Amino acid sequence: MINLAGIKRSSEFSPNHIETDSLILMRTTEALIEMGANVNLYNEEDIGKVDIPEEMIFSMVQGTRATEILLEYENTGTKQIINPPSSVKNCYRVNMTSLLPEAGIPFPKSIHVKTNEAKTINFNDFGMRKIWIKRGDVHAVHREDVTLVYSEAEKIGMLHEFERRGITDAILQTHLDGDVVKFYAVKNSNLFHWYYLNGINHTNFDTKKLLELAQSSAEVLGLYIYGGDAVIAEDGSIKIIDINDWPSFAPIKDQAGKQIANLIFKKAQNYEYGLCRETKIRFNQN
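Here the structure is a predicted model, which is why all the values come from computation and not from measurement.

Asks: I'd love a proper account of the overall build of the chain, names of residues and values included.
Replies: Scanning the chain for helices and strands turns up seven helices and 12 strands. Taken over the C-alpha trace, the chain has a radius of gyration of 20 Å; the compact-globule value for 286 residues is 19 Å, and the two agree within 12%. If one aligns the C-alpha atoms of the chain with their principal axes, the spans along those axes are about 70 × 40 × 40 Å. Here the chain holds 286 residues, and 46% of them are scored as buried.

Spelled out as structure tokens, the structure:
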């Protein structure tokens, strides 16, 4: 019997997606049980407060407190976790906005600023009539966490608002014109689903290139279960603008739940096999 722990995402980190985030975790859990696994579910708020005896964990955790605790498990090798908490931290914007461009992924110009130093980077330095201001850690908790501003005064006001809310880091990012597409994927599967999010022009583009960029981004960040957003320019070129660790897969949750479960089950089998093989080797050596 394969014993697994599943960890639900805190509702704090599922703004407008509480039900859909819960549904994809439940679809995954149901598929794992059908495969013969035993699954115990925990809440993100439980991490560090209750014992989790299972050595194999699938997790939707995003908050910094629980992620740091899971990271200790990952670093010590005491538990195997999908997505790894290190990859979740890589998706925090202060990390992602440097990791992806450094790896050659087409990405908009992004500058990391401290919210208590609102005047260090001037709005006009971007040479645009509007730029994005995004919180630097988790993706979004409030609608204002990703905001389009049109002036230096608006930029300073938003950074001060972040500071008042205890957000220490922010990203100033170039606005890209074009069609926004959203995509979902699971590593080591044939699942790749995309659709136009804003549908302004429905510009033709190379979907194989989008898949390639999505997979490359996930590889850089260390993700197994992921999604994201890209902008398609008028000439059909593609830039990644965001990658998410374990999104809701809302349009394809039934299909995605099965593919995610297949991934987790195979990882668990390999993990159990590795433990058994290691024990056998130690026994033979003795």
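Once you've had a look at it, read on.
Asks: Which residues make up helix 1 (residues 18-34), and what are the values?
Replies: In this model, helix 1 (17 residues) spans 25 Å end to end at C-alpha, consistent with the 24 Å of a helix rising 1.5 Å per residue. The set of residues buried in helix 1 consists of Asp-21, Ile-24, Leu-25, Thr-28, Thr-29, Ala-31 and Leu-32. Each buried residue of helix 1 sits inside an arc of 165° when the element is viewed along its axis, so together they form one side. Residues of helix 1 that are exposed and point over 90 degrees away from its buried face: Ile-18, Glu-19 and Glu-34.

Asks: Before we move on, can you summarise the environment of Asn-95 with the specific residues and values?
Replies: Within the secondary structure layout, Asn-95 lies in helix 4 (residues 93-102). The spacing of Asn-95 and Asp-137 is 42 residues in sequence and 8.5 Å in space, taken between C-alpha atoms. Sequence-distant contacts of Asn-95, defined by excluding residues within four places in its chain, comprise Lys-89 and Asn-90.

Asks: Tell me about the sheet that holds strand 3 (residues 56-59), and please be specific about residues and values.
Replies: Across the sheet, which stays open at both edges, the four strands sit in the order 2-1-3-4 with parallel pairing between neighbours. In this open sheet, the two edge strands, each paired with only one partner strand, are strand 2 (38-43) and strand 4 (80-82). This sheet shows a mean twist of 25° between the axes of neighbouring strands, independent of strand direction. Bridge count between strand 3 and strand 4: three bridges; the pairing is parallel. In the strand pairing of strand 4, Met-56 is matched with Gln-80. Helix 1 contacts strand 1 (3-8), strand 2 and strand 3 of the sheet and is inclined by roughly 160° relative to strand 2.

Asks: Summarise the packing of aromatic side chains; cite the residues concerned and give the values.
Replies: According to the stated counting rule, one finds seven aromatic pairs in the structure shown. An angle of 65° between the planes, with centres 5.0 Å apart, marks the rings of Trp-194 and Phe-205 as edge-to-face. Of this pair, Trp-194 sits in strand 10 (residues 192-196) while Phe-205 is found in the loop between strand 10 and helix 6 (207-221), placing the two residues 11 residues apart along the sequence. Owing to a relative accessible area of 26%, Trp-194 belongs among the partly exposed residues under this scheme. Members of the aromatic cluster, joined through ring pairs, are Tyr-184, Tyr-195 and Phe-249. The aromatic ring of Phe-126 is capped on one face by Lys-109, whose charged end is 4.9 Å from the ring centroid.

Asks: With reference to specific residues and values, describe the sheet that holds strand 12 (residues 238-245).
Replies: On the basis of which strands lie adjacent, the open sheet formed by four strands has the order 10-9-11-12 and antiparallel pairing. Both edges of this open sheet fall to strand 10 and strand 12, since each of them pairs with a single strand only. Put simply, the sheet's adjacent strands are angled 20° from each other on average, direction ignored. Of the strand pairs in this sheet, strand 9 (residues 179-186) and strand 11 (residues 225-232) are connected by eight bridges, and their pairing is antiparallel.

Asks: Tell me about the side chain of Lys-79, residues and numbers included.
Replies: By the element assignment, Lys-79 lies in the loop between helix 2 (64-76) and strand 4. Nearest to the buried, unbridged Lys-79 among oppositely charged side chains is Asp-51, at 6.0 Å. Within the structure, the side chain of Lys-79 is placed 2.6 Å from the backbone oxygen of Ile-52, a separation counted as a polar contact.

Asks: Quick one: what's the story with the side chain of Thr-174, residue by residue and with numbers?
Replies: Among the structural elements, Thr-174 can be located in strand 8 (residues 169-174). Among the residues examined, Thr-174 registers a relative accessible area of 15% and is labelled buried.

Cut-offs applied
- Each chain carries its own residue numbering, running from 1 in the written order of its sequence.
- Local features in this predicted model are restricted to residues of pLDDT 70 or higher, and side-chain atom pairs are both shown and tallied only at a pLDDT of 80 or more, whereas totals for entire chains, interfaces and linings draw on every residue.
- Excluded from the side-chain calculations are hydrogens and water; all other atoms, namely the structure's heavy atoms, are used.
- Each helix corresponds to a stretch of at least 4 residues labelled H or I by DSSP, and each strand to a stretch of at least 2 residues labelled E; elements are numbered beginning at the N terminus.
- Here the globule rule is a power law, 2.2 Å times the number of residues to the power 0.38, and the radius of gyration is based on C-alpha atoms.
- Remark: exposure states derive from per-residue accessible area (1.4 Å probe, protein chains only) relative to the maximum for the residue type, with buried under 20%, exposed over 50%, and partly exposed in between.
- Every helix has an expected span of 1.5 Å times one less than the residues it contains.
- Each C-beta atom gives one direction from the helix axis, and the arc is the one those directions make.
- For this analysis, residues touch if any pair of their heavy atoms sits within 4.5 Å.
- At least two bridges found by DSSP between two strands is the condition for calling them paired.
- Each axis is a line fitted through C-alpha atoms, and for a helix only the stretch in contact is used; angles between axes span 0 to 180 degrees, taken between their N-to-C directions.
- What counts as a ring pair is set by centres within 6.5 Å for rings of Phe, Tyr and Trp (its six-membered ring), and what kind of pair is set by the plane angle: stacked under 30 degrees, edge-to-face over 60, tilted for all other angles.
- Distance and angle both matter: a charge sits over a ring if NZ of Lys or CZ of Arg is within 6 Å of the ring centre and within 35 degrees of the ring normal.
- His is not counted, nor are the chain ends, whereas Lys and Arg count as positive and Asp and Glu as negative.
- The term salt bridge refers to a pairing of a side-chain nitrogen on Lys or Arg with a carboxyl oxygen on Asp or Glu at a separation within 4 Å.
- Each polar contact in these results corresponds to two N or O atoms within 3.5 Å; when the atoms are within protein, one needs to be able to donate a hydrogen and the other to accept it, and residues that are neighboring in sequence are counted only if both atoms are side-chain atoms.

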